[in-house]
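# Observations on the model geometry
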Amino acid sequence: AQSVTQPDIHITVSEGASLELRCNYSYGATPYLFWYVQSPGQGLQLLLKYFSGDTLVQGIKGFEAEFKRSQSSFNLRKPSVHWSDAAEYFCAVGLFSGGYNKLIFGAGTRLAVHP
Amino acid sequence: NAGVTQTPKFQVLKTGQSMTLQCAQDMNHNSMYWYRQDPGMGLRLIYYSASEGTTDKGEVPNGYNVSRLNKREFSLRLESAAPSQTSVYFCASSDPVQGGNQPQHFGDGTRLSIL
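A quick note: this is a predicted structure, and the numbers were derived from the prediction, not measured. (Residues numbered from 1 in each chain as written. Chains lettered and ligands numbered in written order. Predicted model: local features only at pLDDT ≥ 70, side-chain atom pairs only at ≥ 80, totals over all residues. Heavy atoms only, no water.)

### Concerning the layout of surface pockets
Here is the rule: Here a cavity denotes a set of grid points, spaced 1 Å apart and computed over the protein atoms alone, in which a 1.4 Å probe fits but from which it cannot get out, and a pocket denotes an open set meeting protein on both sides within 12 Å along at least five of seven lines; residues with an atom within 4 Å of a point are reported as lining. Grid points are joined across faces, edges and corners, and a volume is the space filled by probe spheres set on the points. Classification convention: Asp, Glu, Lys, Arg as charged; Ala, Val, Leu, Ile, Met, Phe, Trp, Tyr, Cys, Pro as nonpolar; all other residues, Gly among them, as polar. Numbering of helices and strands runs from the N terminus; a helix is a DSSP stretch of H or I covering at least four residues, while a strand is a stretch of E covering at least two.
The space that makes up the largest pocket amounts to roughly 270 Å³. Along its surface, the largest pocket is lined by 18 residues, and Gln38(A), Glu88(A), Arg110(A), Gln37(B) and Val88(B) are the ones closest to its centre. Of the residues that constitute the lining of the largest pocket, the class distribution is five nonpolar, nine polar and four charged. The space that makes up the second largest pocket amounts to roughly 210 Å³. Looking at the lining of the second largest pocket, the elements with two or more residues in it are strand 11 (100–105) of chain A together with strand 5 (43–49) of chain B.

### Some thoughts on the pattern of salt bridges
Two side chains bearing opposite charge may form a pair once their charged atoms approach each other closely. Residues and elements named next belong to chain A. Note the following rule: Only one rule defines a salt bridge in this text: a Lys or Arg side-chain nitrogen within 4 Å of an Asp or Glu carboxyl oxygen.
Tallied over the full model, the rule gives eight salt bridges over all chains. Between Asp8 and Arg22 there is a salt bridge whose closest N-O contact spans 2.9 Å. Residue Asp8 is located in the loop between strand 1 (3–5) and strand 2 (10–14), and its partner Arg22 is located in the loop between strand 3 (19–21) and strand 4 (24–26); the two are separated by 14 residues in the primary sequence.

### Points about the nonpolar core
This is how the line gets drawn: To qualify as a nonpolar core, a set must consist of buried Ala, Val, Leu, Ile, Met, Phe, Trp, Tyr and Cys residues joined through side-chain atoms within 4.5 Å. Remark: exposure states derive from per-residue accessible area (1.4 Å probe, protein chains only) relative to the maximum for the residue type, with buried under 20%, exposed over 50%, and partly exposed in between.
The biggest cluster of nonpolar side chains holds 28 residues, and the ones touching the most others in it are Leu19(A), Trp35(A), Leu47(A), Leu48(A), Phe74(A), Leu76(A) and Tyr89(A). Among the elements of the structure, strand 2, strand 3, strand 5 (32–38), strand 6 (44–50), strand 8 (64–68), strand 9 (73–78), strand 10 (87–97) and strand 12 (109–114) of chain A are those that each provide at least two residues to this core. When residues in this core are grouped by element, the largest group, five residues, is from strand 10 of chain A. Core analysis: the next-biggest nonpolar cluster, separate from the first, contains 20 residues, Trp34(B), Val60(B), Val66(B) and Leu76(B) among them.

### Focus: the state of the cysteines
In a disulfide, the sulfur atoms of two cysteines are held together by a covalent bond. The condition that has to hold: Throughout, disulfides are identified as pairs of cysteine sulfur atoms within 2.5 Å of each other.
Summed over the entire model, instances satisfying the criterion amount to two disulfides over all chains. Note that Cys23(A) is cross-linked by a disulfide to Cys91(A), the S-S spacing being 2.0 Å. Note on the Cys23(A) and Cys91(A) pair: the S-S dihedral is about -65 degrees, so by sign convention the disulfide is left-handed. Of this pair, Cys23(A) sits in the loop between strand 3 and strand 4 while Cys91(A) sits in strand 10, and the two are 68 residues apart along the sequence. The pair Cys23(A) / Cys91(A) is uniform in exposure class, with both members buried. With its sulfur 1.9 Å from that of its partner, Cys23(B) forms a disulfide with Cys91(B). Around the S-S axis, the bridge from Cys23(B) to Cys91(B) shows a dihedral of about -75 degrees and counts as left-handed. Remark: Cys91(B) occurs in strand 9 (residues 87–94) and Cys23(B) occurs in strand 3 (residues 19–25); sequence separation between them is 68 residues. Across the pair, Cys91(B) and Cys23(B) agree in class, each one buried.

### Looking at the environment of Leu111(A)
Residues and elements named next belong to chain A. The following threshold applies: Here, two residues are considered to be in contact whenever any of their heavy atoms come within 4.5 Å of each other.
Among the structural elements, Leu111 can be located in strand 12. Considering only alpha carbons, one finds Leu111 and Tyr50, 61 residues apart in sequence, at a separation of 22 Å. Ignoring any residue separated from it by four or fewer positions in sequence, one finds Leu111 in contact with Ile11, Val13, Leu19, Asp85, Ala86, Ala87 and Tyr89.

### Overview of the interface of chain B and chain A
Inclusion rule: Accessible-area loss on putting two parts together, using a 1.4 Å probe and summing over both, is the definition of buried area adopted here. Counted as a polar contact is a pair of N or O atoms within 3.5 Å, where, for protein atoms, one must be capable of donating a hydrogen and the other of accepting one, and residues adjacent in sequence contribute only when both atoms are in side chains.
Contacts between the two partners involve 26 residues from chain B, matched on the other side by 25 residues from chain A. In this assembly, chain B packs against chain A so that about 1900 Å² is buried in total across both faces, 56% of it on carbon and sulfur atoms. Taken together, the connections running from chain B to chain A amount to zero salt bridges. Scanning the region where chain B abuts chain A turns up four residue pairs in polar contact (both at pLDDT 80 or more). Listing elements by their share of the side of chain B that touches chain A, those giving two or more residues are strand 4 (31–37), strand 5 and strand 9 of chain B. Split into classes, the residues belonging to the side of chain B that touches chain A amount to twelve nonpolar, eleven polar and three charged.

### A short note on unusual backbone geometry
Between Thr7(B) and the following residue, Pro8(B), the backbone shows a cis peptide bond with an omega angle of -10 degrees. The topology assignment puts Pro8(B) in the loop between strand 1 (4–7) and strand 2 (10–13). At Ser72(A), a residue that is not glycine, the phi angle is positive and equals roughly 50 degrees. Within the secondary structure, Ser72(A) is located in the loop between strand 8 and strand 9.

Right, dumping it as structure tokens:
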């Protein structure tokens, strides 16, 4: 069965430090991969997506993610974190199943940023 | 740009009461979805509507019903609310292109508490 694992429930970094959020997936075919961000009290906003081609994808707000097929991973990175990046981040696998576009989400990683 | 609009944003119910959560999108998307979000569990699909006139069960449909009123609107109904349905509910929409590579666009959520 398809699944998404985000090993880190909570991460705390200092403002200006680099960030890497981990995501591992289980899926038999080439996956469509997404990262979403959820600020407190808000809905989910798409950060970036990977469909095919270049394995390093750029997103909004200075985020990037790298697809590594051999490791079944799609880790999210940012070189220098800003206080406004404090939020919850969700990795998701997209697939077409049962007649609709389905998203399978990880449990999320909550990011705290220290000044 | 409104995107996906959910009403109400907050609601408190007593056990046994009924309620309908409303969702509307203005992006001309064919597919719409209802999720619930609980701590540590990511988002779980309750019901979806692949296109106008069709609805189907997702991962956690028990205790809920849906209506796809037209292409724009997709409502979620709790007929007899239970404390286990205390959650944050998100509506989403997407293009119906097959392949799983279409991101979903989310509303800001309805925070529902059942006493």
